[in-house]
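Examining the three-dimensional arrangement
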Amino acid sequence: MSQLDPTTDGGPVVVNPVTEAGRMAPKNYDAVLLASFGGPEGQEDVIPFLRNVTRGRGIPDERLEEVSHHYRANGGISPINQQNRELKAALEAELAARGIELPVLWGNRNWAPYIPQTLQDAYDAGHRRLLMITTSAYSCYSSCRQYREDIGMALTETGLDGRLEVDKVRQYFDHPGFVEPFVEGTAAGLAEVREKLAAAGTPDAPVQILFATHSIPTRDAEAAGRSEGEPREFAEGSAYVAQHLATAAAVIQRVEEESGLTAPWSLVYQSRSGAPHVPWLEPDINDAIEELAGQGVKGIVIVPLGFVSDHMEVVWDLDTEALETCDNLGLTATRVPTPGTHRKFVNGMVDLISERTAANNISDRPALTDLGPWYDVCRPGCCQNFRGEKPTIAGADTTVGTGHDSYPGEAGASQPAASGGAPQQ
Ligand SMILES: CC1=C(CCC(=O)O)c2cc3nc(cc4[nH]c(cc5[nH]c(cc1n2)c(C)c5CCC(=O)O)c(CCC(=O)O)c4C)C(CCC(=O)O)=C3C
Ligand SMILES: [Fe+2]
């Protein structure tokens with residue numbers, strides 16, 4: 001299904017004929033849109049933020065309360081916004097260092113700066129064609145289509161549809177810039193746990209690597225990446241699961257090559273919410289740790305493979321809960337860093353942007369699994385929204401965000417948003 005291509009900087013990259021068909025020709029973009037989840041920045045933000053996240057969903061109140069405690073315990077502050085400010089600055093610095101003149105704009109789905117306002121500001125500043133990069137690496141409703149919908153709805157709601165064009169970069173779960181920081185972290189984490197076990201007089205004690213990601217409803221997992229025109233069957237019937245398994249295998253392979261260290265591994269899930277009778281991906285990381293302890297495992301390396309930065313799902317659900325589970329069971333454990341603003345991650349994300357920009361195009365589209373490089377343009381209907389269809393951008397069946405006003409000064413420029421900006425809603 002894929003041909004291996006030798007590269008100069010180590011490791012084979014994969015050219016996937018299936019996803020090549022979903023490739024979009026490079027364009028001249030005039031800004032990058034960094035889109036993220038958003039989080040509260042004080043106690044008074046917590047409940048309004050959670051209402052934004054769960055709007056129209058059947059999340060039980062007890063779970064909302066429980067989640068609010070996570071934020072409350074941290075002063076009502078999620079680390080995610082500060083991490084995105086730092087990522088934005090790092091992307092800007094790397095773009096500038098390469099002489100690429102693209103401003104980075106930032107907008108969130110659930111907290112200020114909100115996506116609709118960012119789009120309006122972008123338009124008012126004269127931008128007409130944006131390339132979106134999100135802080136979600138995998139394919140599923142929550143990490144791909146929901147972003148595409150939120151842009152689609154924001155364009156509709158601001159009256160900017162037809163005036164502002166928005167595309168997105170491919171999901172980057174297997175981009176070396178995303179994978180390599182995990183390779184480094186996993187090798188270091190494994191070395192650390194083995195040293196501690198050796199120091200305790202048990203150098204040969206069994207260690208297990210747990211790749212952790214966000215659980216999602218199994219129905220969403222099965223719909224991930226599934227679409228008309230997608231000929232592949234994915235491992236465990238889910239592109240979301242298959243992408244994690246393949247990326248984890250790529251990490252393990254590189255850890256062994258680079259450090260000579262290895263250990264058995266598995267994929268586990270965290271942060272489940274929703275009604276108890278609705279099936280979500282399992283096993284939960286805490287259950288998995290208990291089971292491993294029962295089997296005689298003494299060391300655990302937690303790799304937060306599903307996440308881009310050390311936000312609340314990482315610092316609470318992994319560092320507080322899962323590491324506590326390990327501690328209670330007498331296991332030696334560590335949690336590996338997320339990519340955050342790791343130099344390789346930032347460089348990789350700028351490479352990903354450069355793949356798509358005509359002026360700075362790099363033709364190499366690296367992917368470390370044979371599932372990728374993933375689609376630039378999502379297949380019709382992939383990652384279905386079971387709550388009803390919404391306008392989306394960046395899909396083969398997209399109806400919004402595809403056209404833009406001519407650039408000011410461009411030949412044949414239309415009247416500048418004639419009667420004073422966006423139509424009133
Ligand atoms: C796949 C996935 C990612 C990874 C990809 C990505 O990064 O996008 C992710 C990330 C995040 N999830 C986050 C926070 C929350 N997710 C919730 C709820 C949910 N997540 C879901 C899925 C995901 N979520 C799902 C299927 C739900 C239930 C239904 C719904 O409501 O859509 C809820 C509601 C309360 C609760 O049920 O826990 C909260 C507060 C934060 C912010 C952390 C911070 O503040 O630092 C981040 C980065
Ligand atoms: Fe979430």
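These numbers were taken from a predicted model, which means no experiment stands behind them.

Here we take up the site of ligand 1. Lining the immediate environment of ligand 1, one finds 26 residues, of which Arg57, Tyr71, Ser78, Ser136 and Ser273 sit closest. The contact in question runs from an oxygen atom of ligand 1 to an N or O atom on the side chain of Tyr71, over 2.6 Å. Out of a free accessible area of 860 Å², ligand 1 has 96% covered by protein chains. The set of elements that each furnish at least two residues to the shell around ligand 1 consists of helix H2 (46-54), helix H3 (61-72), helix H6 (141-158) and helix H11 (312-315). With four residues, H2 is the largest single contributor of residues to the shell around ligand 1.

Scanning the model with the defined rule gives 14 aromatic pairs in all. Look at Tyr138 and Phe173: their rings are 5.9 Å apart centre to centre, the planes differ by 25 degrees, and that puts the pair in the stacked class. Highlighted residues: Tyr138 in the loop between strand E5 (129-134) and H6 and Phe173 in the loop between strand E6 (165-168) and helix H7 (176-199), separated in sequence by 35 residues. Phe173 shares its class with Tyr138; the two are buried. One aromatic cluster is present, formed by Tyr138, Tyr172, Phe173, Phe178, Phe182, Phe234, Tyr240, Phe345, Trp374 and Tyr375 through successive ring pairs. In this arrangement the basic side chain of Arg109 is found over the ring face of Tyr147, its NZ or CZ atom lying 5.2 Å from the centre. The side chain of Arg128 reaches across the aromatic face of Tyr123, ending 3.8 Å from its centre.

A few words now on helix H10 (residues 285-294). Of the positions making up H10, those classed as buried are Ile285, Asn286, Ala288, Ile289, Leu292 and Ala293. For H10, the angular spread of the buried residues around the axis is 160 degrees, confining them to a single face. Facing away from the buried side of H10, by more than 90 degrees, are the exposed residues Glu290, Glu291 and Gly294. Taken together, the buried residues of H10 touch strand E7 (207-214), strand E8 (265-270), strand E9 (299-303) and helix H12 (317-328). In this structure Asp284 caps H10, since a side-chain oxygen of it lies 2.9 Å from the backbone nitrogen of Asn286. Two residues or fewer after H10 comes Gly296, characterised by a positive phi angle close to 100 degrees.

With domains assigned, the chain is organised as domain 1 (3-173 + 343-356) and domain 2 (176-335). On the domain 2 side, the residues contacting the 27 residues of domain 1 number 32 residues. Counting the surface lost from both domain 1 and domain 2, the interface buries some 2500 Å², and carbon and sulfur atoms represent 64% of this. Sorting the residues of domain 1 by area buried against domain 2 places His70, Tyr138 and Phe173 first, and these three jointly supply 26% of that buried surface. Counting the contacts that link domain 1 with domain 2 gives one salt bridge. Between Glu184 and Lys344 there is a salt bridge; the shortest N-O distance is 3.4 Å. Here domain 1 and domain 2 share seven residue pairs in polar contact (both at pLDDT 80 or more) between them. Grouping the amino acids of the side of domain 1 that touches domain 2 by side-chain chemistry returns 15 nonpolar, 10 polar and two charged.

Looking now at the UniProt feature "binding site: Fe(2+)" (unreviewed entry) in the chain. UniProt records the feature "binding site: Fe(2+)" (unreviewed entry) at His214 and Glu313, using the numbering of this structure. Taken along the chain, the residues just named run across 100 residues; in space they keep tight, none of their C-alpha pairs more than 8.3 Å apart. Turning to its location among the elements, His214 is positioned in strand E7. What His214 contacts, discounting residues up to four positions off in sequence, is Tyr240, Tyr269, Gln270, Ser271, Phe307 and Glu313.

What follows covers empty space enclosed by the protein. Taken as a whole, this structure holds two cavities of 30 Å³ or more when the rule is applied. In this structure, the largest cavity occupies an estimated 60 Å³ of space. In this structure, the largest cavity is lined by Ser139, Cys144, Gln171, Gly225, Trp374, Tyr375, Cys378, Arg379, Cys382 and Cys383. Of the residues that constitute the lining of the largest cavity, the class distribution is six nonpolar, three polar and one charged. In this model, the second largest cavity occupies a volume close to 40 Å³.

When the sulfur atoms of two cysteines share a covalent bond, that bond is a disulfide. According to the stated counting rule, one finds zero disulfides in the structure shown. Looking at Cys140, it has no disulfide partner, and the nearest cysteine sulfur is the one in Cys383, 6.5 Å off. Judged by its relative accessible area of 2%, Cys140 is buried.

This part is about H12. An ideal rise of 1.5 Å per residue puts 16 Å on 12 residues; H12 measures up with 15 Å between its terminal C-alpha atoms. Taken together, the buried positions of H12 are Asp317, Leu318, Ala322, Thr325 and Cys326. End-on, the buried residues of H12 take up no more than an arc of 100 degrees, which puts them together on one face. Projecting away from the buried face of H12 at angles above 90 degrees are the exposed residues Asp327 and Asn328. Following H12 by one or two positions, Gly330 adopts a phi angle in the positive range, close to 75 degrees.

With 92% of its residues at a pLDDT of 70 or more, the chain shows a mean pLDDT of 91. Within the chain, the lowest mean pLDDT, 39, falls on strand E1 (residues 3-5), and the highest, 99, falls on E9. Note on residues 1-10: pLDDT under 50 across the span, and 18 contacts to partners over four residues away in sequence or across chains. Per the prediction output, this complex has pTM 0.92; the corresponding ipTM is 0.95.

Thresholds, definitions, all that
- Residues numbered from 1 in each chain as written.
- Chains lettered and ligands numbered in written order.
- Predicted model: local features only at pLDDT ≥ 70, side-chain atom pairs only at ≥ 80, totals over all residues.
- Heavy atoms only, no water.
- Near = heavy atom within 4 Å.
- Polar contact = N/O pair within 3.5 Å; in protein donor to acceptor, adjacent residues only side chain to side chain.
- Areas by Shrake-Rupley, 256 points an atom, 1.4 Å probe, with all protein chains shown as cover.
- Helix = DSSP H or I, 4+ residues; strand = E, 2+ residues; numbered from the N terminus.
- Phe/Tyr/Trp six-rings, centres within 6.5 Å; stacked < 30°, edge-to-face > 60°.
- Buried < 20%, exposed > 50% of the residue type's maximum accessible area, 1.4 Å probe, protein only.
- Lys NZ or Arg CZ within 6 Å of the ring centre and 35° of its normal.
- Arc of directions from axis to C-beta.
- Contact = heavy atoms within 4.5 Å.
- Domains from an automatic or database assignment.
- Buried area = accessible area lost by both parts, 1.4 Å probe.
- Salt bridge = Lys/Arg side-chain N within 4 Å of Asp/Glu carboxyl O.
- Nonpolar A, V, L, I, M, F, W, Y, C, P; charged D, E, K, R; others polar.
- UniProt positions renumbered as here; feature names shortened; annotations may be inferred.
- 1 Å grid on protein atoms, 1.4 Å probe; cavity = no way out; pocket = protein on both sides within 12 Å on 5 of 7 lines; lining within 4 Å.
- Points joined across faces, edges and corners; volume = space filled by probe spheres on them.
- Disulfide = S-S within 2.5 Å.
- Expected span 1.5 Å × (residues − 1).
- pLDDT = per-residue confidence, 0-100.

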